[in-house]
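# Remarks on the overall topology
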Amino acid sequence: MFVFKAAVVGAGTMGGEIAQVLASADLPVVLKDVDQRFVDQGLAKAREVTKAQLDGLVKKEKITSEAADQQLEHTLGLITGTTEYDGFGDVDFVVEAVPERMEIKQAVFEELDAATPGHAILASNTSSLSITEMGAATLRPDKVVGFHFFYPASMMRLIEIVEGEETSEETMQSASNFAQQIRKMPIRCAEVPGFVVNRILNSAGSEIWRYKDESGLSAQEIDKEIAEARVTPMGPFYLSDLLGLDTVLHVAEHLKASYGDRFYVSPEMRELVGAGNYGQKTGKGFYDHGEAQ
Ligand SMILES: NC(=O)c1ccc[n+]([C@@H]2O[C@H](COP(=O)([O-])OP(=O)(O)OC[C@H]3O[C@@H](n4cnc5c(N)ncnc54)[C@H](O)[C@@H]3O)[C@@H](O)[C@H]2O)c1
């Protein structure tokens, strides 16, 4: 199946960038959230990322600044923001990127089943939840698949294509092809907790969170050491603030519940999330980020 038009549901940390990735591959995209304020934030994120990419090309003298301006307006013109399901009647592929809670995901999948054409693939950007359970909320579980981008979606090339119990081989193949159509690198994963990447990432994260609690060092001190060693572009606590501590905590708890003491849940992260401090998006996490985004 070729994808002529796509949709993204949820315009938060991931949704705005995912819409940008799709539009940059020259696809018309509908971007939906529950409130116009969130839609506008997603559109602003898409503009910011596209502009930064094009500015980079101008700087390297690959394109002129006039061509960059034209391309910016063309790409952004492909994204239509909405708070309703208008514009979903002729989409071929949907990426759901709403909060990591099964009851929200299932409600969205039921609505998508009614709003989109029968041939459309309904994909979830979930980091850890069951694709099979989301598929069960629809009349087309064979067309429900995991399509897991990484943060920031505009830069990270990998996408995990996750096979639920009812996902058909045709859907797996179409999702892999679509990942390539939008210039990403698909890997196929079984539906196991954490899939592939989050299991690796969270084993390292668990060691760092444990070390912090045992050593009494602060998040800032550990981040500084790691950033200065240049093993990663930024420290793990700062990165967690950017990813969203609610999402990071949910994945950590899911992995601990699934695999036991191989994984660790930071009590400090639990306290921060309990107090409504989710990192950059609420303005405070391990760090102060000023105003909520
Ligand atoms: N943050 C990350 O680094 C990351 C990375 C990979 C995957 N994911 C996954 O992506 C998904 C989204 O995560 P996020 O970090 O972007 O969350 P987020 O909280 O930043 O954004 C979620 C958005 O969904 C909107 N929303 C809530 N209910 C909705 C509904 N019924 N219809 C439409 N929109 C609705 C919210 O208003 C919000 O804008 C989760 O499943 C998460 O596990 C997140």
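Preceding this paragraph is the structure being described.
First, a word on scope: everything that follows refers to the structure included in this document. Just so we're clear, the structure is a prediction, and the values are computed from it rather than from any experiment.

Here we come to the overall build of the protein. Looking only at helices and strands, the protein has eleven helices and eight strands in total. Taking 293 residues into account, the globule formula puts the C-alpha radius of gyration at 19 Å, and the protein, at 19 Å, falls close to it. Across its three principal directions, the C-alpha atoms of the protein cover 55 × 50 × 30 Å. Of all 293 residues assigned to the protein, the portion counted as buried reaches 48%. Counting only carbon and sulfur atoms, one obtains 53% of the accessible surface of the protein, whose full area is about 14,000 Å². When the 27 basic and 45 acidic side-chain charges of the protein are each reduced to a single mean position, those positions are 5 Å apart.

Before going further, it helps to examine the sheet that holds strand β5 (residues 121-124). With mixed pairing, the eight strands of this open sheet are ordered in space as β3-β2-β1-β4-β5-β6-β7-β8. Taken across any chain shown, the strands that pair with only one partner, and hence form the sheet edges, are β3 (79-82) and β8 (185-190). Neighbour-to-neighbour, the strand axes of this sheet turn through a mean angle of 25 degrees, independent of strand direction. Pairing of strand β7 (residues 158-163) with β8, which is carried by six bridges, proceeds in the parallel orientation. Each bridged residue has a counterpart across the sheet, and for Glu163 the counterpart in β8 is Ala190.

With that out of the way, let us pick up the site of the ligand. Surveying the vicinity of the ligand reveals 25 residues, the closest of which are Asp33, Glu100, Lys105, Ser127 and Leu243. Within the side chain of Asp33, a nitrogen or oxygen atom sits 2.7 Å from an oxygen atom of the ligand. A distance of 2.7 Å separates an oxygen atom of the ligand from a polar atom in the side chain of Ser127. Considered on its own, the ligand offers 830 Å² of accessible surface; in the complex 88% of this is hidden by protein.

Here is what the cut-offs are and how they apply
Residues numbered from 1 in each chain as written. Predicted model: local features only at pLDDT ≥ 70, side-chain atom pairs only at ≥ 80, totals over all residues. Heavy atoms only, no water. Helix = DSSP H or I, 4+ residues; strand = E, 2+ residues; numbered from the N terminus. Rg over C-alpha atoms; globule rule 2.2 N^0.38 Å. Buried < 20%, exposed > 50% of the residue type's maximum accessible area, 1.4 Å probe, protein only. Areas by Shrake-Rupley, 256 points an atom, 1.4 Å probe, with all protein chains shown as cover. Lys, Arg positive; Asp, Glu negative; His and termini not counted. Charge placed at Lys NZ, Arg CZ, Asp CG, Glu CD. Pairing = 2+ DSSP bridges. Axes fitted to C-alpha atoms, helices over the stretch in contact; angles between N-to-C directions. Near = heavy atom within 4 Å. Polar contact = N/O pair within 3.5 Å; in protein donor to acceptor, adjacent residues only side chain to side chain.

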